[in-house]
Amino acid sequence: MLKRSRSGIFSSRDKKRIGILTAGGDCPGLNAAIRAVAKTALLNHGMEVIGIKDGYEGLVENKVVSLSYKDVSGILTQGGTFLGASNKADPFRYVTANGKRKDLSDVALKNVKMMGLDALVCIGGDGSLIVAYKLYKKGLNIVAIPKTIDNDLAATDATIGFDSAVITATEAIDKLHTTAQSHHRVMVIELMGRYAGWLALYAGVAGGGDIIIIPEIPYDIKKVCSQVLERNKRGKRFSIVVVAEGARPKGGKMVINKIIKSSPEPVRLGGIGNKIAGDIEKNTGLETRVTNLGHLQRGGTPSPFDRMLATRLGTFACDLAAKGDFGKMAALKGTNIAAVSLKDAVKSTRRVSPNHSIIKSAKAVGTSFAA
Ligand code: F6P
């Protein structure tokens with residue numbers, strides 16, 4: 001076990017040293033968060049900053065880079081993460097050269113000691129923050145920052161990357177509207193989000209989707225088809241169906257695209273959009289097309305909201321580390337930033353309640369959830 005000091009930043013060196021890593025899938029706003037942590041550390045706490053490359057892989061493989069002010073300047077608007085990420089590397093179940101899994105968490109701890117890190121900021125989604133919590137319990141001085149386009153982390157009202165993905169998805173729905181209208185077609189768009197429907201719900205409502213299908217409300221294909229036909233009768237000769245990748249029919253299953261055994265979260269969803277489009281065409285006779293927006297939702301420049309959120313969470317997380325307030329996650333609570341326990345943050349994921357006020361508003365303007 002590494003020794004955790006009560007006073008917070010505590011090594012015998014003059015300058016304290018903070019590490020940053022971005023774990024799991026990338027999203028817009030990660031660079032903004034790295035910049036916020038690093039600049040706060042350099043400018044306000046006189047710390048040295050170390051970037052760990054490729055998430056937890058860098059922690060196990062000792063892939064590090066020293067970060068100066070210049071290195072983290074000019075990256076606020078850039079998508080992705082310049083430190084690299086990996087959603088396969090879990091130090092507790094690390095895939096070694098012979099393809100076998102091994103618990104290399106002690107190696108990660110040893111490396112952190114060797115790097116001379118007094119604190120480590122982990123920027124991650126649910127899977128990555130579970131790993132962060134386990135490392136914290138093993139003795140690492142960890143502070144977390146929530147990110148994921150899925151927006152499914154408990155204990156924070158928003159995650160970095162979600163707003164940017166909503167904008168990308170909404171723009172795609174807007175574009176599908178014009179071609180759907182021209183050709184009198186049904187357009188099905190499949191969005192990411194894993195087991196939570198936040199992304200499909202927000203983009204579906206913002207883009208004026210006619211039917212929104214999310215994992216939390218299993219759909220009835222008969223209702224989907226009758227809604228489409230009903231619109232046709234009313235002279236609306238096109239329909240937009242927004243589907244979350246985790247959606248499933250009543251009494252049915254989610255569609256799994258592939259299993260990636262080496263990943264901490266091995267299931268990759270995908271394909272429900274094709275299934276629904278096929279069923280619509282077969283049952284209504286209306287020409288139907290599918291768009292799977294895929295990883296476009298994770299790319300591009302962060303929205304102003306995500307830049308703001310990343311800056312606020314990053315500066316706050318660095319201050320927590322400087323105070324020695326470890327085992328915490330910086331979170332958005334209403335309009336404020338607050339510290340929540342990492343334990344609570346990873347206890348469960350946050351999914352859409354079928355009674356959510358957004359669903360009520362969507363229904364009030366005629367949007368169907370096909371339940
Ligand atoms: O968690 C973020 C996310 O983009 C999910 O919405 C999606 O299901 C998954 O990651 C895709 O993972 P990968 O990039 O490994 O295909």
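All values derive from a computational prediction rather than experimental measurement.

Digging into the pairing of strand S14 (residues 328–333)
Sheet topology places strand S7 (residues 142–146) next to S14; two bridges connect them, and they run parallel. The partner of Ala144 across the bridge, within S14, is Met329. The pairing of S14 with strand S15 (residues 336–341) spans six bridges and is antiparallel. Looking at S15, one finds that Ala330 is bridged to Ala339. Between S14 and S15, which pair antiparallel one after the other, the connecting turn spans two residues, and Gly334 there sits at a positive phi close to 65 degrees.

Some details on the sheet that holds S15
Across the sheet, which stays open at both edges, the seven strands sit in the order S3-S2-S1-S6-S7-S14-S15 with mixed pairing between neighbours. What marks the edges here is a single partner per strand, and that holds for strand S3 (64–67) and S15. Neighbour to neighbour, the strand axes of the sheet diverge by 30 degrees on average, direction disregarded. Relative to S3, strand S2 (residues 48–52) is paired through four bridges, and the arrangement is antiparallel. Bridge pairing links Gly51 to Val65 in S3. Each of strand S6 (119–124), S7 and S14 is contacted by helix H4 (residues 126–137), which is oriented at about 170 degrees to S7, the strand it contacts most.

Here's the deal with helix H3 (residues 105–115)
Along an α-helix, residues three or four apart share an orientation, since each turn contains 3.6 residues. Along H3, the residues that are buried comprise Ser105, Ala108, Leu109, Asn111, Val112 and Met115. An end-on view of H3 places all buried positions within 160 degrees of arc, on one side of the element. Relative to its buried face, H3 has exposed residues pointing more than 90 degrees away, namely Lys110, Lys113 and Met114. In the stretch just after H3, Gly116 is the one whose phi turns positive, near 70 degrees.

Quick look at the packing of aromatic side chains
How two aromatic rings sit relative to each other is given by the distance of their centres and the angle of their planes. According to the stated counting rule, one finds three aromatic pairs in the structure shown. Here Phe162 and Tyr202 contribute two aromatic rings whose centre-to-centre distance is 5.0 Å and whose plane-to-plane angle is 80 degrees, an arrangement assigned as edge-to-face. Residue Phe162 is found in helix H5 (residues 162–183), and its partner Tyr202 is found in helix H6 (residues 198–206); the two are separated by 40 residues along the sequence. Residue Phe162 is classed as buried on the basis of its relative accessible area, which comes to 6%. With 6.5 Å between their ring centres and 65 degrees between their planes, Trp198 and Tyr202 make a pair best called edge-to-face. Placement of the pair is Trp198 and Tyr202 together in helix H6, with a separation of four residues, close to one helical turn. Taking the relative accessible area as the measure of exposure, Trp198 reaches 3% and is therefore buried.

What to know about the pairing of S7
Summarising burial for S7: five of the five residues are buried, a large majority. Burial of S7 is two-sided: the residues Ile142, Ala144 and Pro146 facing one way and the residues Val143 and Ile145 facing the other way are all buried. Pairing of S6 with S7 involves five bridges; the strand directions are parallel. Pairing of Ile123 across the sheet is with Ile145, part of S7. Taking the sense of rotation as the criterion, the β-α-β connection linking S6, H4 and S7 turns out right-handed.

Describing the domain arrangement of the chain
The domain boundaries assigned to the chain delineate domain 1 (17–160 + 302–346) and domain 2 (165–298). Just the C-alpha atoms count here: the centres of domain 1 and domain 2 sit 33 Å apart. When domain 1 packs against domain 2, close to 1400 Å² is buried across both sides, 50% of that on carbon and sulfur atoms. Taken as a group, Lys88, Ile149 and Asp150 account for 37% of the area that domain 1 buries against domain 2, more than any other trio of residues on that side. One salt bridge in this structure joins Asp150 and Arg194, with 3.8 Å as the shortest N-O distance. Grouping the amino acids of the side of domain 1 that touches domain 2 by side-chain chemistry returns four nonpolar, five polar and eight charged.

Here we look at the site of the ligand
Around the ligand sit Asn87, Ile149, Asp150, Met192, Gly193, Arg194, Glu245, Arg268, His295 and Arg298, and those are all the residues in its vicinity. Take Arg194: an N or O atom from its side chain is 3.3 Å from an oxygen atom of the ligand. His295 is positioned with one of its side-chain polar atoms (N or O) 2.8 Å from an oxygen atom of the ligand. With the chains in place, 85% of the 400 Å² that the ligand exposes on its own is no longer accessible. Looking at which domains feed residues into the shell around the ligand, each of domain 1 (17–160 + 302–346) and domain 2 (165–298) supplies at least three.

Some remarks on the state of the cysteines
Going through the model one piece at a time under the given rule, you end up with zero disulfides. The cysteine Cys27 is free of any disulfide, with Cys122 supplying the nearest cysteine sulfur at 15 Å. Using a relative accessible area of 0% as the deciding quantity, one classes Cys27 as buried.

Each value, and the rule that gives it
Residues numbered from 1 in each chain as written. Predicted model: local features only at pLDDT ≥ 70, side-chain atom pairs only at ≥ 80, totals over all residues. Heavy atoms only, no water. Pairing = 2+ DSSP bridges. Helix = DSSP H or I, 4+ residues; strand = E, 2+ residues; numbered from the N terminus. Axes fitted to C-alpha atoms, helices over the stretch in contact; angles between N-to-C directions. Contact = heavy atoms within 4.5 Å. Buried < 20%, exposed > 50% of the residue type's maximum accessible area, 1.4 Å probe, protein only. Arc of directions from axis to C-beta. Phe/Tyr/Trp six-rings, centres within 6.5 Å; stacked < 30°, edge-to-face > 60°. Right-handed = clockwise from strand over helix to strand, strands pointing away. Domains from an automatic or database assignment. Buried area = accessible area lost by both parts, 1.4 Å probe. Salt bridge = Lys/Arg side-chain N within 4 Å of Asp/Glu carboxyl O. Nonpolar A, V, L, I, M, F, W, Y, C, P; charged D, E, K, R; others polar. Near = heavy atom within 4 Å. Polar contact = N/O pair within 3.5 Å; in protein donor to acceptor, adjacent residues only side chain to side chain. Areas by Shrake-Rupley, 256 points an atom, 1.4 Å probe, with all protein chains shown as cover. Disulfide = S-S within 2.5 Å.

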